[in-house]
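Residue-level structural notes
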Amino acid sequence: MEKPHKRTFEEDNENARRPARNAMLPYGRQWIDDRDCQAVARALLDDFITTGPKVAQFEQAIANYVGARFAVAFSSGTSALRGACQAAGIENDDEVITTPFTFVATANAVLHTGGTPVFADIDADTFNIDPDCIKRLVTPRTKAILPVDYAGRPVAHREIAEIAKRHELIVIEDAAHALGATYDGKHIGNIADMTMFSFHPVKPITTGEGGIITTNDEELYERLTRFRSHGITRLPEACDHYDGPWYYEMHSLGINARLTDFQAALGLSQMAKLDGFLSRRRAIAKAYQLAFSNMDTLMTPPDDDIARSGWHLYVIRLVPERLRADRAQIYDALRAENIGVNVHYIPVYTHPFYQKLGYPRGLCPVSETCYNTVLSLPLFPSMTDDDVQDVIFAVHKVFDHYKT
Ligand SMILES: *Cc1c(COP(=O)(O)O)cnc(C)c1O
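Below or above, wherever it landed, is the structure these notes cover.

Attention now moves to the overall build of the chain. A count of helices and strands for the chain gives 15 helices and 15 strands. Taken along its principal axes, the extent of the C-alpha atoms in the chain is 100 × 50 × 40 Å. In the chain, buried positions account for 53% of the 404 residues. A fraction of 72% describes how many contacts in the chain between residues 6 or more apart in sequence connect residues 24 or more apart. Working note: accessible area of the chain is about 18900 Å², and carbon and sulfur atoms make up 51% of it. In the chain, 42 positive and 53 negative side-chain charges are present, and the distance between their average locations comes to 4 Å.

Attention now goes to helix H12 (residues 327-336). Residues of H12 that are buried: Arg327, Ile330, Ala333 and Leu334. Seen along its axis, H12 keeps its buried residues to an arc of 130 degrees; they face one direction. At its buried positions, H12 is contacted by strand S14 (314-318), helix H14 (365-371), strand S15 (374-377) and helix H15 (385-401). Asparagine 338 lies just past H12 and shows a positive phi near 70 degrees.

This brings us to the site of the ligand. Close to the ligand lie 16 residues; Thr78, Asp174, His177, Ser198 and Lys203 are nearest. The contact in question runs from a nitrogen atom of the ligand to an N or O atom on the side chain of aspartate 174, over 2.8 Å. Compared with its free state, where it exposes 380 Å², the ligand has 93% of that area covered by protein. Of all the secondary-structure elements, those providing two or more residues to the shell around the ligand are helix H5 (77-87), helix H6 (105-113) and strand S8 (194-198). In terms of residue class, the shell around the ligand is built from 5 nonpolar, 9 polar and 2 charged.

This part covers the pairing of S14. Note on strand geometry: in a regular strand, side chains alternate between the two faces of the sheet. Across the 5 residues of S14, 5 count as buried, placing the element largely inside the fold. Side chains Tyr314, Ile316 and Leu318 of S14 all project onto a buried face; the interleaved residues Val315 and Arg317 project onto the opposite face, where all are buried too. Of the pairings in the sheet, the one linking strand S12 (residues 298-299) to S14 comprises 2 bridges and is antiparallel in character. What sits directly across from leucine 298, in S14, is leucine 318.

Turning our attention to the side chain of threonine 126. By the element assignment, threonine 126 lies in the loop between strand S3 (116-119) and helix H7 (131-137). Once you skip the residues sitting within four places of it in the chain, threonine 126 turns out to touch Tyr150, Arg153 and Pro302.

So, on to the sheet that holds strand S13 (residues 307-308). A sheet is described by the order of its strands in space; here 3 strands give the open sequence S7-S6-S13, paired in antiparallel fashion. Since the sheet does not close on itself, it has two edges, and those belong to strand S7 (186-187) and S13, each with one partner. Across 2 bridges, strand S6 (residues 182-183) lies against S7 in antiparallel orientation. Across the sheet, residue tyrosine 183 finds its bridge partner in S7, namely lysine 186.

The 3 strands are arranged S12-S14-S15 in an open sheet whose pairing can be described as antiparallel. Strands with a single pairing partner mark the edges of an open sheet, and in this sheet they are S12 and S15. Summarising the sheet, S14 and S15 pair through 4 bridges and their orientation is antiparallel. Bridging across to S15, isoleucine 316 finds its partner in leucine 375. Where helix H11 (residues 274-292) meets the sheet, it contacts S12, S14 and S15, and its direction lies at approximately 20 degrees from that of S14.

The subject of this paragraph is the packing of helix H4 (residues 53-66) against helix H10 (residues 261-271). Interaxial distance between H4 and H10 falls to 8 Å at its minimum, and their mutual angle equals 30 degrees. Helix-helix and strand crossings are classified by hand; for H4 and H10 the assignment is left-handed. Between H4 and H10, the residues in contact are Pro53, Lys54, Val55, Gln57, Phe58, Ala61, Ile62 and Tyr65 and Asp261, Ala264, Ala265, Gly267, Leu268 and Met271, respectively. Considering only residue class, the contact of H4 with H10 consists of 10 nonpolar, 2 polar and 2 charged.

This part is about the pattern of salt bridges. On inspection of all chains with the given rule, the structure shows 16 salt bridges. A salt bridge links arginine 21 to aspartate 390, with the nearest nitrogen and oxygen atoms 2.9 Å apart. With arginine 21 in the loop between helix H2 (14-17) and helix H3 (34-44) and aspartate 390 in helix H15, the pair connects residues that are 369 residues apart, well separated along the chain. Like aspartate 390, arginine 21 is buried. The shortest N-O distance in the salt bridge between glutamate 219 and arginine 223 comes to 3.1 Å. Of the two residues, glutamate 219 and arginine 223 are both situated in helix H9 (residues 218-228); the distance of 4 residues between them amounts to about one turn of the helix. The exposure class of glutamate 219 is partly exposed, given its relative accessible area of 40%. Bridged by salt links that share partners, the residues Arg21, Asp387 and Asp390 form one connected network.

Conventions and cut-offs
- Residues numbered from 1 in each chain as written.
- Predicted model: local features only at pLDDT ≥ 70, side-chain atom pairs only at ≥ 80, totals over all residues.
- Heavy atoms only, no water.
- Helix = DSSP H or I, 4+ residues; strand = E, 2+ residues; numbered from the N terminus.
- Buried < 20%, exposed > 50% of the residue type's maximum accessible area, 1.4 Å probe, protein only.
- Contact = heavy atoms within 4.5 Å.
- Areas by Shrake-Rupley, 256 points an atom, 1.4 Å probe, with all protein chains shown as cover.
- Lys, Arg positive; Asp, Glu negative; His and termini not counted.
- Charge placed at Lys NZ, Arg CZ, Asp CG, Glu CD.
- Arc of directions from axis to C-beta.
- Near = heavy atom within 4 Å.
- Polar contact = N/O pair within 3.5 Å; in protein donor to acceptor, adjacent residues only side chain to side chain.
- Nonpolar A, V, L, I, M, F, W, Y, C, P; charged D, E, K, R; others polar.
- Pairing = 2+ DSSP bridges.
- Axes fitted to C-alpha atoms, helices over the stretch in contact; angles between N-to-C directions.
- Left-handed = near helix turned anticlockwise from the far one by under 90°.
- Salt bridge = Lys/Arg side-chain N within 4 Å of Asp/Glu carboxyl O.

In short, geometric facts, not functional conclusions.
Structure (structure tokens):
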């Protein structure tokens, strides 16, 4: 007798064979419209192609929005962070306490100055740097704290400011995810000594590539401006030996990290849409929170009124005890449904380069555990309601299938 064919899950359910949607939905993407295109086209025909009046206007728009006195635009968020570390005076053997649960650019900015990143573990609920871990790592060589607003959720500013004040440390906030987020009613960008925002296409607004530092400190502002353009000053009063209108002097080691005027034109045009982008992100996050609240196979991200997230990412956490699949299988299954899930982040010090520098595995156990269970779902303002429903449908389908 022929052996009965054992039917698979897919065969049992014809619908299960079809992916939740036909085209891949990315986890994030820019939203560019005709106005943006026109603004860039107009700027291209102006006298200035590189840094000109539009860059100054864009800096003013960001400074006004977050309530800071100064803003300095850079060619990327990475070069902005690099400039901030230099402006903070970080140099050989200075220590900077930061989080491993971030993109490599955060810690790399410290290495570029010759300083040493010291990794503090994260809080298991917010995935943000844990102030108690920071406290344990302060030494006489510590110069700064470099926290990251993971997924757009502001860090524990009150606790971090206390530590910084007690030990006279500079706080440089990596707010690449957090333009528009607020802490205790105050905009991110007006709390730390320096705050970095990124304008990479998946971030809250975009200039293609680009970044900015906001600060209320005039001395830091001047150092940042100099760093962006080769460490050069043209101000007669700042020169040691002013020699005429052609004259400039180089006072510190800088780089060319300038934003172009046509990128700034895009940034200005995008700023007009930021609040709309943010409310759409919040609405999508809320729809996810509601749709997943009664699932015991996953944990939804925290949400509260003190640290109000800009919802750059929507990161769920798997509950391994309730699943008979690991993160890689769930990732593959959601990708097969054409849901472009992603993983943020691989703990920085586990990368081969950092391993060679001698950071041991197991250094930040919470970060390493969280890395194994996180999954970022698609979240960007131009997602349609149908896109959101596709994600919700696929998450239920996959997690219910693998439920124990
Ligand atoms: C995107 C990002 C950066 C780097 O910004 P770029 O503009 O891409 O150079 C730094 N830190 C974090 C947390 C980021 O997400």
